[in-house]
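# Reading the structure
Residues per chain are reported as follows:
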Amino acid sequence: MKVIDHLRQAAAKEPRTLLSFEILPPLKGKDIRSIYAGIDPLLEFKPSFINVTYHREEVVYKERGHGLLQKIRIRKRPGTVGICATIKAKYNIDTVPHLICGGFSKEDTEDALIELNFLGIDNVLALRGDAIKNEPHFIPERDGHAHAEDLIQQIAALNRGQYLYEEEQEAAATDLCIGAACYPEKHAEALNLSTDIAYLKRKVDAGAEYLVTQMFFDNRKFFRFVELCREAGIQAPIIPGLKPITTLRHIAFIPKTFAIDLPDDLANALVRCSTDAEVKAVGIEWSITQARELKAAGVPCLHFYTMGRSEAVKAIASSIF
Ligand SMILES: Cc1cc2nc3c(=O)[nH]c(=O)nc-3n(C[C@H](O)[C@H](O)[C@H](O)COP(=O)(O)OP(=O)(O)OC[C@H]3O[C@@H](n4cnc5c(N)ncnc54)[C@H](O)[C@@H]3O)c2cc1C
(Lines give C-alpha, C1' and ligand atoms only; values in the text may rest on other atoms or scores of the structure.)
Protein backbone atom coordinates (compact mmCIF):
# COMPACT_ATOMS: atom_id res chain seq x y z
CA MET A 1 0.00 0.00 0.00
CA LYS A 2 1.13 3.54 -0.70
CA VAL A 3 2.38 5.77 2.10
CA ILE A 4 -0.06 8.47 1.01
CA ASP A 5 -2.95 6.01 1.42
CA HIS A 6 -1.74 5.07 4.91
CA LEU A 7 -1.72 8.78 5.77
CA ARG A 8 -5.16 9.42 4.24
CA GLN A 9 -6.72 6.46 6.06
CA ALA A 10 -5.16 7.51 9.35
CA ALA A 11 -6.35 11.11 8.94
CA ALA A 12 -9.93 9.86 9.15
CA LYS A 13 -9.28 8.05 12.46
CA GLU A 14 -8.44 8.97 16.02
CA PRO A 15 -5.67 8.79 17.19
CA ARG A 16 -4.36 9.61 13.75
CA THR A 17 -0.59 9.65 14.19
CA LEU A 18 1.17 6.67 12.59
CA LEU A 19 4.62 5.31 13.35
CA SER A 20 7.28 4.55 10.77
CA PHE A 21 11.01 4.18 10.87
CA GLU A 22 14.14 4.17 8.74
CA ILE A 23 16.81 1.48 8.71
CA LEU A 24 20.17 1.17 6.97
CA PRO A 25 21.27 -1.85 4.93
CA PRO A 26 23.88 -3.82 6.89
CA LEU A 27 27.54 -3.27 6.12
CA LYS A 28 28.79 -5.41 3.24
CA GLY A 29 29.35 -8.99 4.43
CA LYS A 30 26.93 -8.72 7.37
CA ASP A 31 23.89 -10.93 7.68
CA ILE A 32 20.29 -9.92 6.81
CA ARG A 33 19.38 -11.14 10.33
CA SER A 34 20.87 -7.94 11.72
CA ILE A 35 18.02 -6.17 9.90
CA TYR A 36 15.40 -8.42 11.47
CA ALA A 37 16.96 -7.86 14.90
CA GLY A 38 16.40 -4.13 14.40
CA ILE A 39 12.80 -4.54 13.23
CA ASP A 40 11.45 -7.25 15.56
CA PRO A 41 11.42 -5.14 18.77
CA LEU A 42 9.35 -2.44 16.98
CA LEU A 43 6.68 -4.72 15.51
CA GLU A 44 4.41 -4.30 18.55
CA PHE A 45 3.94 -0.63 17.55
CA LYS A 46 2.55 -1.70 14.16
CA PRO A 47 4.77 0.41 11.92
CA SER A 48 2.87 1.54 8.83
CA PHE A 49 5.96 1.51 6.66
CA ILE A 50 9.71 1.04 6.90
CA ASN A 51 12.20 3.11 4.93
CA VAL A 52 15.49 1.63 3.77
CA THR A 53 18.28 4.07 2.96
CA TYR A 54 20.41 3.98 -0.20
CA HIS A 55 24.17 4.35 0.05
CA ARG A 56 26.20 5.30 -2.96
CA GLU A 57 29.77 4.24 -3.48
CA GLU A 58 32.65 5.87 -1.64
CA VAL A 59 36.06 6.66 -3.04
CA VAL A 60 38.89 5.11 -1.02
CA TYR A 61 42.63 4.94 -1.60
CA LYS A 62 44.36 1.56 -1.06
CA GLU A 63 48.09 1.38 -0.31
CA ARG A 64 49.66 -0.82 -3.04
CA GLY A 65 53.28 -0.68 -1.87
CA HIS A 66 56.20 1.46 -3.09
CA GLY A 67 54.19 4.57 -2.20
CA LEU A 68 51.54 3.73 -4.78
CA LEU A 69 47.93 4.45 -3.99
CA GLN A 70 45.08 2.90 -5.91
CA LYS A 71 41.81 4.79 -6.13
CA ILE A 72 38.84 2.45 -5.83
CA ARG A 73 35.12 2.88 -5.43
CA ILE A 74 33.32 0.69 -2.93
CA ARG A 75 29.74 0.48 -1.75
CA LYS A 76 29.71 -0.32 1.92
CA ARG A 77 25.97 -0.83 2.28
CA PRO A 78 24.48 -2.37 -0.86
CA GLY A 79 21.14 -4.18 -0.99
CA THR A 80 18.42 -1.54 -0.47
CA VAL A 81 15.92 -3.00 -2.92
CA GLY A 82 16.48 -6.62 -1.84
CA ILE A 83 15.99 -5.66 1.80
CA CYS A 84 12.76 -3.83 0.97
CA ALA A 85 11.38 -6.84 -0.89
CA THR A 86 12.42 -9.20 1.92
CA ILE A 87 10.85 -7.08 4.68
CA LYS A 88 7.63 -6.82 2.71
CA ALA A 89 7.50 -10.59 2.17
CA LYS A 90 8.51 -11.54 5.73
CA TYR A 91 6.49 -9.02 7.75
CA ASN A 92 3.83 -7.87 5.29
CA ILE A 93 4.80 -4.27 6.07
CA ASP A 94 5.09 -1.67 3.34
CA THR A 95 8.58 -0.56 2.52
CA VAL A 96 10.00 2.64 1.09
CA PRO A 97 13.31 2.23 -0.72
CA HIS A 98 15.33 5.43 -1.00
CA LEU A 99 16.49 6.22 -4.52
CA ILE A 100 19.14 8.84 -5.18
CA CYS A 101 20.40 10.77 -8.20
CA GLY A 102 24.09 10.30 -7.36
CA GLY A 103 25.71 7.49 -9.35
CA PHE A 104 22.60 6.86 -11.46
CA SER A 105 22.10 7.65 -15.12
CA LYS A 106 18.48 8.15 -16.16
CA GLU A 107 18.55 4.67 -17.65
CA ASP A 108 19.85 3.17 -14.37
CA THR A 109 16.99 4.97 -12.63
CA GLU A 110 14.45 3.58 -15.06
CA ASP A 111 15.80 0.06 -14.50
CA ALA A 112 15.59 0.52 -10.73
CA LEU A 113 11.98 1.73 -10.97
CA ILE A 114 11.01 -1.20 -13.18
CA GLU A 115 12.54 -3.53 -10.59
CA LEU A 116 10.55 -1.93 -7.76
CA ASN A 117 7.41 -2.28 -9.83
CA PHE A 118 8.04 -5.98 -10.50
CA LEU A 119 8.69 -6.55 -6.80
CA GLY A 120 5.32 -5.04 -5.87
CA ILE A 121 6.90 -2.19 -3.93
CA ASP A 122 4.50 0.75 -3.97
CA ASN A 123 6.71 3.55 -2.68
CA VAL A 124 9.94 5.39 -3.27
CA LEU A 125 11.65 8.26 -1.46
CA ALA A 126 13.30 10.36 -4.17
CA LEU A 127 16.52 12.10 -3.13
CA ARG A 128 19.46 13.80 -4.70
CA GLY A 129 22.04 12.24 -2.36
CA ASP A 130 25.12 13.92 -0.98
CA ALA A 131 28.45 14.59 -2.62
CA ILE A 132 30.83 11.62 -2.60
CA LYS A 133 33.05 11.82 0.47
CA ASN A 134 36.12 13.93 -0.33
CA GLU A 135 34.40 15.64 -3.27
CA PRO A 136 33.58 19.30 -2.64
CA HIS A 137 30.10 19.25 -4.09
CA PHE A 138 27.50 16.97 -5.62
CA ILE A 139 28.35 15.92 -9.19
CA PRO A 140 25.55 14.27 -11.16
CA GLU A 141 26.24 11.42 -13.57
CA ARG A 142 26.80 12.50 -17.17
CA ASP A 143 23.25 11.44 -18.05
CA GLY A 144 21.82 11.63 -14.56
CA HIS A 145 19.79 14.04 -12.46
CA ALA A 146 21.20 17.09 -10.69
CA HIS A 147 18.29 17.57 -8.28
CA ALA A 148 15.66 15.44 -6.60
CA GLU A 149 13.06 17.43 -8.58
CA ASP A 150 14.36 15.94 -11.84
CA LEU A 151 14.30 12.42 -10.40
CA ILE A 152 10.72 12.98 -9.21
CA GLN A 153 9.79 14.11 -12.73
CA GLN A 154 11.20 10.87 -14.15
CA ILE A 155 9.27 8.73 -11.65
CA ALA A 156 6.07 10.70 -12.27
CA ALA A 157 6.56 10.26 -16.02
CA LEU A 158 6.91 6.49 -15.59
CA ASN A 159 3.72 6.56 -13.51
CA ARG A 160 2.09 7.98 -16.66
CA GLY A 161 3.63 5.20 -18.76
CA GLN A 162 6.30 7.46 -20.27
CA TYR A 163 9.57 5.56 -20.53
CA LEU A 164 12.83 7.19 -21.60
CA TYR A 165 12.75 6.02 -25.16
CA GLU A 166 9.94 6.21 -27.65
CA GLU A 167 10.24 2.58 -28.75
CA GLU A 168 8.43 1.25 -25.65
CA GLN A 169 5.00 1.28 -27.31
CA GLU A 170 1.93 0.78 -25.13
CA ALA A 171 4.20 0.58 -22.12
CA ALA A 172 2.64 -0.23 -18.76
CA ALA A 173 2.57 2.64 -16.30
CA THR A 174 4.04 2.18 -12.84
CA ASP A 175 2.07 3.35 -9.80
CA LEU A 176 4.69 4.43 -7.29
CA CYS A 177 3.93 6.80 -4.44
CA ILE A 178 6.70 9.40 -4.40
CA GLY A 179 8.04 10.95 -1.19
CA ALA A 180 10.71 13.63 -0.89
CA ALA A 181 12.98 15.10 1.77
CA CYS A 182 12.63 18.49 3.45
CA TYR A 183 14.62 20.47 5.97
CA PRO A 184 13.03 22.53 8.79
CA GLU A 185 16.43 24.16 9.39
CA LYS A 186 17.11 24.42 5.63
CA HIS A 187 19.35 22.18 3.54
CA ALA A 188 23.06 22.82 4.17
CA GLU A 189 23.62 24.15 0.64
CA ALA A 190 20.49 26.31 0.42
CA LEU A 191 20.99 30.07 0.41
CA ASN A 192 18.23 30.46 2.96
CA LEU A 193 15.04 28.76 4.11
CA SER A 194 12.86 30.66 1.62
CA THR A 195 14.79 29.51 -1.43
CA ASP A 196 14.87 25.98 -0.04
CA ILE A 197 11.09 26.01 0.40
CA ALA A 198 10.66 27.41 -3.12
CA TYR A 199 12.59 24.41 -4.48
CA LEU A 200 10.61 22.11 -2.19
CA LYS A 201 7.42 23.41 -3.78
CA ARG A 202 8.84 22.42 -7.17
CA LYS A 203 9.41 18.87 -5.90
CA VAL A 204 5.79 18.67 -4.79
CA ASP A 205 4.57 20.17 -8.08
CA ALA A 206 6.70 17.58 -9.92
CA GLY A 207 4.90 14.73 -8.13
CA ALA A 208 6.07 14.28 -4.53
CA GLU A 209 2.95 13.32 -2.57
CA TYR A 210 4.35 13.64 0.93
CA LEU A 211 7.49 14.96 2.63
CA VAL A 212 9.73 13.63 5.38
CA THR A 213 11.86 16.03 7.38
CA GLN A 214 15.48 15.88 8.27
CA MET A 215 15.89 15.18 11.99
CA PHE A 216 15.35 18.19 14.23
CA PHE A 217 15.36 18.70 17.98
CA ASP A 218 13.33 21.87 18.35
CA ASN A 219 9.63 21.43 17.63
CA ARG A 220 9.19 25.20 17.26
CA LYS A 221 11.33 25.02 14.12
CA PHE A 222 9.21 22.21 12.73
CA PHE A 223 5.91 24.01 13.40
CA ARG A 224 7.26 27.23 11.85
CA PHE A 225 8.53 25.29 8.84
CA VAL A 226 5.13 23.68 8.27
CA GLU A 227 3.52 27.14 8.44
CA LEU A 228 5.98 28.52 5.88
CA CYS A 229 5.38 25.54 3.58
CA ARG A 230 1.61 26.06 3.76
CA GLU A 231 2.07 29.77 3.04
CA ALA A 232 4.18 28.80 0.02
CA GLY A 233 1.31 26.63 -1.26
CA ILE A 234 2.73 23.23 -0.28
CA GLN A 235 -0.23 21.13 0.83
CA ALA A 236 1.48 17.70 0.97
CA PRO A 237 1.57 15.96 4.37
CA ILE A 238 4.83 16.69 6.23
CA ILE A 239 6.13 13.85 8.38
CA PRO A 240 8.54 14.83 11.16
CA GLY A 241 11.73 12.76 11.39
CA LEU A 242 13.05 12.13 14.90
CA LYS A 243 16.38 10.79 16.06
CA PRO A 244 17.18 10.05 19.69
CA ILE A 245 20.74 11.06 20.53
CA THR A 246 22.21 8.06 22.34
CA THR A 247 26.02 8.32 22.32
CA LEU A 248 28.77 10.84 22.99
CA ARG A 249 29.75 10.36 19.33
CA HIS A 250 26.32 11.53 18.19
CA ILE A 251 26.85 14.85 19.98
CA ALA A 252 29.96 15.43 17.93
CA PHE A 253 28.68 14.41 14.52
CA ILE A 254 24.94 15.11 14.35
CA PRO A 255 24.98 18.94 14.22
CA LYS A 256 27.80 18.96 11.65
CA THR A 257 26.63 16.08 9.49
CA PHE A 258 23.00 17.18 9.29
CA ALA A 259 23.51 20.96 9.51
CA ILE A 260 21.13 21.31 12.46
CA ASP A 261 21.20 23.09 15.83
CA LEU A 262 20.52 21.60 19.21
CA PRO A 263 18.29 23.77 21.41
CA ASP A 264 19.92 25.24 24.54
CA ASP A 265 18.14 22.99 27.07
CA LEU A 266 19.18 19.85 25.22
CA ALA A 267 22.73 21.07 24.56
CA ASN A 268 23.18 22.07 28.24
CA ALA A 269 21.98 18.66 29.41
CA LEU A 270 24.24 16.86 26.94
CA VAL A 271 27.42 18.74 27.79
CA ARG A 272 27.02 17.57 31.39
CA CYS A 273 27.06 13.90 30.24
CA SER A 274 30.29 11.93 30.38
CA THR A 275 29.10 8.44 29.37
CA ASP A 276 26.98 7.00 26.57
CA ALA A 277 24.47 5.81 29.17
CA GLU A 278 23.96 9.37 30.43
CA VAL A 279 23.62 10.70 26.88
CA LYS A 280 21.09 8.00 26.06
CA ALA A 281 18.91 8.83 29.06
CA VAL A 282 18.89 12.53 28.10
CA GLY A 283 18.35 11.79 24.39
CA ILE A 284 15.45 9.40 24.95
CA GLU A 285 13.74 11.78 27.39
CA TRP A 286 14.09 14.63 24.90
CA SER A 287 12.65 12.57 22.03
CA ILE A 288 9.71 11.47 24.19
CA THR A 289 8.86 15.10 24.95
CA GLN A 290 9.23 16.03 21.27
CA ALA A 291 7.13 13.08 20.08
CA ARG A 292 4.36 13.76 22.63
CA GLU A 293 4.04 17.35 21.55
CA LEU A 294 4.09 16.49 17.85
CA LYS A 295 1.46 13.78 18.32
CA ALA A 296 -0.73 16.16 20.33
CA ALA A 297 -0.41 18.63 17.44
CA GLY A 298 -1.81 15.93 15.13
CA VAL A 299 1.19 15.21 12.89
CA PRO A 300 0.35 12.46 10.37
CA CYS A 301 3.18 10.14 11.39
CA LEU A 302 6.23 10.00 13.64
CA HIS A 303 9.18 8.77 11.61
CA PHE A 304 12.18 7.54 13.57
CA TYR A 305 15.75 7.36 12.36
CA THR A 306 16.91 4.11 14.02
CA MET A 307 20.31 3.91 12.33
CA GLY A 308 20.03 0.17 12.92
CA ARG A 309 19.39 0.45 16.68
CA SER A 310 15.85 -0.04 17.82
CA GLU A 311 16.26 0.01 21.63
CA ALA A 312 15.95 3.79 22.07
CA VAL A 313 13.08 4.04 19.56
CA LYS A 314 11.28 1.23 21.41
CA ALA A 315 11.61 3.14 24.68
CA ILE A 316 10.18 6.28 23.04
CA ALA A 317 7.38 4.47 21.20
CA SER A 318 6.38 2.70 24.45
CA SER A 319 5.68 6.06 26.05
CA ILE A 320 3.86 7.49 23.04
CA PHE A 321 1.74 4.74 21.45
C1 LIG B 1 14.28 11.93 5.04
C2 LIG B 1 15.65 11.90 4.41
C3 LIG B 1 16.16 10.69 3.94
C4 LIG B 1 17.43 10.65 3.33
N5 LIG B 1 17.91 9.45 2.86
C6 LIG B 1 19.08 9.40 2.19
C7 LIG B 1 19.57 8.18 1.63
O8 LIG B 1 18.96 7.11 1.77
N9 LIG B 1 20.75 8.21 0.94
C10 LIG B 1 21.45 9.36 0.77
O11 LIG B 1 22.51 9.34 0.12
N12 LIG B 1 21.03 10.54 1.30
C13 LIG B 1 19.86 10.58 2.01
N14 LIG B 1 19.42 11.77 2.54
C15 LIG B 1 20.27 12.95 2.43
C16 LIG B 1 20.01 13.74 1.14
O17 LIG B 1 20.37 12.95 0.02
C18 LIG B 1 20.88 15.00 1.21
O19 LIG B 1 20.39 15.86 2.20
C20 LIG B 1 21.11 15.70 -0.12
O21 LIG B 1 22.19 16.63 0.07
C22 LIG B 1 19.91 16.50 -0.62
O23 LIG B 1 18.93 15.68 -1.07
P24 LIG B 1 17.50 16.28 -1.52
O25 LIG B 1 16.74 15.16 -2.10
O26 LIG B 1 16.90 17.05 -0.42
O27 LIG B 1 18.02 17.26 -2.69
P28 LIG B 1 17.35 18.45 -3.51
O29 LIG B 1 15.89 18.56 -3.25
O30 LIG B 1 17.80 18.28 -4.90
O31 LIG B 1 18.03 19.74 -2.85
C32 LIG B 1 19.44 19.84 -2.75
C33 LIG B 1 19.84 21.31 -2.68
O34 LIG B 1 19.60 21.92 -3.94
C35 LIG B 1 18.62 22.94 -3.85
N36 LIG B 1 17.71 22.69 -4.98
C37 LIG B 1 16.68 21.81 -5.03
N38 LIG B 1 16.13 21.80 -6.23
C39 LIG B 1 16.83 22.70 -6.99
C40 LIG B 1 16.76 23.11 -8.33
N41 LIG B 1 15.82 22.62 -9.15
N42 LIG B 1 17.66 24.04 -8.78
C43 LIG B 1 18.61 24.55 -7.96
N44 LIG B 1 18.73 24.18 -6.65
C45 LIG B 1 17.86 23.25 -6.17
C46 LIG B 1 17.95 22.80 -2.50
O47 LIG B 1 17.57 24.05 -1.96
C48 LIG B 1 19.05 22.15 -1.68
O49 LIG B 1 19.92 23.11 -1.15
C50 LIG B 1 18.18 11.83 3.20
C51 LIG B 1 17.67 13.05 3.69
C52 LIG B 1 16.43 13.08 4.31
C53 LIG B 1 15.91 14.39 4.86
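For the structure, check the block above.
Predicted model only: the values in this text are computed from it and were never measured.

Parameters and conventions
The written sequence of each chain sets the order in which its residues are numbered from 1. Per-residue local features of the predicted model are confined to residues with pLDDT of at least 70, and side-chain atom pairs are confined, for both listing and counting, to 80 or more; whole-chain, interface and lining totals are unaffected and use all residues. No hydrogens and no water enter the side-chain calculation; it runs on all heavy atoms of the structure. What counts as a helix is a DSSP run of H or I of at least four residues, what counts as a strand is a run of E of at least two, and both are numbered from the N terminus. We call two residues in contact when some of their heavy atoms are within 4.5 Å. Exposure is judged per residue with a 1.4 Å probe applied to protein chains only, and the accessible area is read against the type maximum: over 50% gives exposed, under 20% gives buried, and values in between give partly exposed. Summarising the geometry, the arc corresponds to the directions from the helix axis toward the C-beta atoms. Note on ring pairs: Phe, Tyr and Trp rings are taken, using the six-membered ring of Trp, and paired if centres are within 6.5 Å. Classes follow the plane angle, with under 30 degrees stacked, over 60 edge-to-face and the rest tilted. Remark: a charge is flagged as sitting over a ring if the NZ atom of Lys or the CZ atom of Arg is within 6 Å of the ring centre and within 35 degrees of the ring normal. Here, a strand pair is defined by DSSP locating no fewer than two bridges between the strands.

### Comments concerning the environment of T53
Position of T53 among the secondary structure elements: in the loop between β2 (49–52) and β3 (58–63). Beyond its immediate stretch of four places on either side in the chain, T53 contacts E22, I23, L24, P25, T80 and H98.

### Considerations on helix α11 (residues 311–320)
What α11 keeps buried is the set A312, V313, I316, A317 and I320. Looking down the long axis of α11, one finds its buried residues gathered within 130 degrees of arc, a one-sided arrangement. Buried residues in α11 make contact with β1 (18–23), α10 (276–296) and β10 (301–305).

### Some points on the packing of aromatic side chains
Two numbers describe a pair of aromatic rings. These are the distance of the centres and the angle of the planes. Following the criterion strictly, the structure yields five aromatic pairs and no others. Aromatic side chains F222 and F223 sit 5.7 Å apart centroid to centroid with 65 degrees between the ring planes, which places their arrangement in the edge-to-face category. Measuring from centroid to centroid gives 6.5 Å for F253 and F258, while their planes differ by 50 degrees, and the two rings are tilted. By relative accessible area, which is 21% here, F253 ends up partly exposed. Through successive ring pairs, a cluster of aromatic residues spans F216, F222 and F223. In this structure, K90 packs its charged tip against the face of Y36, placed 4.5 Å from the ring centre. Here the guanidinium or amino end of K90 rests over the ring plane of Y91, the centre of that ring lying 5.3 Å away.

### Looking at the pairing of strand β4 (residues 69–74)
On a regular strand, one side chain projects to one face of the sheet and the next to the other, so that they alternate. When β3 meets β4, the two strands line up antiparallel, connected through six bridges. Paired with V59 across the strands is R73, a residue of β4. As consecutive antiparallel partners, β3 and β4 are separated by five residues, and within that stretch G65 has a phi angle of approximately 85 degrees, a positive value.

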